[in-house]
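If you want the building blocks of each chain, they are given just below.
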There are 2 protein chains.
Amino acid sequence: MRSSTLKPILTGILAATIGTALFAESHAKLDPAVAARHHQMQMIGYHTGILGAIAKGEMDYDAAMVSAAAQNLASLATMERATLWIEGTEQGTTAGSRAKAEIWSDPNGFAQSFQALADAATALTDASDAAAVGAGMGDLGGACKACHEKYRGPKN
Amino acid sequence: MRSSTLKPILTGILAATIGTALFAESHAKLDPAVAARHHQMQMIGYHTGILGAIAKGEMDYDAAMVSAAAQNLASLATMERATLWIEGTEQGTTAGSRAKAEIWSDPNGFAQSFQALADAATALTDASDAAAVGAGMGDLGGACKACHEKYRGPKN
């Protein structure tokens, strides 16, 4: 193999390696508050996923699991925001952030959006079968969507 | 450059790329409950870090921040465990898990360990200055350490 044929391969591999390294780097260097918010959102997604899977019959209905998922969702939605939504960590100024400036210019609206999620989750705590879980998923998904539309910016 | 000199370089780069890809892969494929626990632990670490930084004077004392961090810690420590500590996700059977089997064989002890963290956090809610935060950090750190020693296995 001649170096002229190897070079593009090598360049491609190097680019891929550097790309991966930069990706890892950017994650490692995320502002701690932004990283913590991502962890919060991941946990919200995880618990919503459990309820969704039960609603769809992909996971067996289990009263204790439904109640635990709903309670944890409510806890996550009512986390104190002072440590997480720190001023100056909005999209455009802070790597990895998709937080819109409206989070800080409209704190009451933002608080109400999280409260809507907490309420929708709490309503599911006693859902007595998969159909009852399904019936509550609309409000839950709606709360996620409404908040993301108002307060989350486009993908970075 | 001859291919005999390029080959080791290429092999090294390929190995690095594959290594990084496997690392990303293993993280992407974590059992969802294990990943959710990691998010919980990261959030616990984040909030403990805020209190620690205030205690050490690395961050200005701020009553609202201390209270929020302490309350979030207490919330995280009292999360319902049914969704997170799912049986069969212990170290050795589930990639990335460091959860010891004792979590499931000694559920009361495990619950008490998390309660100790919640209590230590709650005690810090009203800490009125950096010294008061510092005075409570021993119990907080002690709760982390005691639980890790009993219920967390060695690094994977």
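Within every chain, residues take consecutive numbers counted from 1 along the sequence as written. To label them, take the chains in the order written and letter them from A, then take the ligands in the order written and number them from 1. Reporting of local features is limited, given that this is a predicted model, to residues whose pLDDT is at least 70; pairs of side-chain atoms are given and counted only at 80 or more, and all residues count toward the totals for whole chains, interfaces and linings. By convention in this description, side-chain values take in all heavy atoms of the structure and omit both hydrogens and water.

**Quick notes on the overall build of chain A**
Within chain A one finds 6 helices and 0 strands. Segments assigned H or I by DSSP are reported as helices when at least four residues long, segments assigned E as strands when at least two residues long, and all are numbered from the N terminus. Scanning chain A from its N terminus toward the C terminus, one meets helices and strands in the order α-α-α-α-α-α. Going through the 156 residues of chain A one by one, you find that 40% of them count as buried. Here the accessible surface of atoms and residues is derived via Shrake-Rupley with a 1.4 Å probe, and residues count as covered only by protein chains that are part of the display. Of the roughly 8100 Å² of accessible surface on chain A, 57% is carried by carbon and sulfur atoms. Relative accessibility decides the category of a residue: with a 1.4 Å probe and only protein chains considered, values under 20% of the type maximum give buried, values over 50% give exposed, and everything between is partly exposed.

**Here we look at the packing of helix α2 (residues 32–55) of chain B against helix α3 (residues 63–77) of chain B**
In a pair of packed helices, the angle between the axes and the distance between the axes together describe the arrangement. Residues and elements named next belong to chain B. Fitting a line to C-alpha atoms yields each axis, with helices limited to the stretch in contact; the angle taken between N-to-C directions then spans 0 to 180 degrees. In the contact formed by α2 and α3, the axes pass within 9 Å of each other and the chain directions differ by 150°. Taken as axis vectors, α2 and α3 run roughly antiparallel relative to one another. Every pair of crossing elements has a handedness; the one defined by α2 and α3 is left-handed. Here Gln 40, Met 43, Ile 44, His 47, Thr 48, Ile 50, Leu 51 and Ile 54 of α2 come into contact with α3, specifically with Met 65, Val 66, Ala 69, Ala 70, Asn 72, Leu 73 and Leu 76. By residue class, the composition of the contact of α2 with α3 is 11 nonpolar, 4 polar and no charged. Roughly parallel means an angle under 35 degrees; roughly antiparallel, over 145; roughly perpendicular, 65 to 115; everything else is oblique. In this scheme the handedness of a crossing depends on how the near helix is turned from the far one: anticlockwise by less than a right angle means left-handed, clockwise means right-handed. By the convention used here, residues are in contact when the closest approach between their heavy atoms is within 4.5 Å. Nonpolar residues are Ala, Val, Leu, Ile, Met, Phe, Trp, Tyr, Cys and Pro. Charged residues are Asp, Glu, Lys and Arg, and all others, Gly as well, are polar.

**What to know about the pattern of salt bridges**
Residue and element names in this part refer to chain A. A pair is scored as a salt bridge if a Lys or Arg side-chain nitrogen falls within 4 Å of a carboxyl oxygen belonging to Asp or Glu. Applying the stated rule across the entire model yields 2 salt bridges over all chains. Where Glu 149 meets Lys 145, a salt bridge forms, and the shortest distance between an N and an O atom there is 3.0 Å. Placement of both Glu 149 and Lys 145 in helix α6 (residues 130–151) is noted, with a separation of 4 residues, approximately one turn of the helix. You'll find Glu 149 and Lys 145 in the same group, each marked exposed.

**Digging into α6(A)**
Residue and element names in this part refer to chain A. Between the first and last residue of a helix there are one fewer steps than residues, each counted as 1.5 Å, and that sum is the expected span. Between its terminal C-alpha atoms α6 stretches 31 Å, which fits the 32 Å expected from 22 residues at 1.5 Å a residue. Note on bend: the value at a residue is the angle between axes fitted to the seven residues ending there and to the seven starting there. The largest bend along α6 measures about 35° and falls at Gly 136. All buried positions along α6 are accounted for by Val 133, Gly 136, Met 137, Leu 140, Ala 143, Cys 147 and Tyr 151. Structurally, α6 contributes buried residues whose contacts are with α2 (32–55), α3 (63–77), α4 (102–105) and α5 (107–124).

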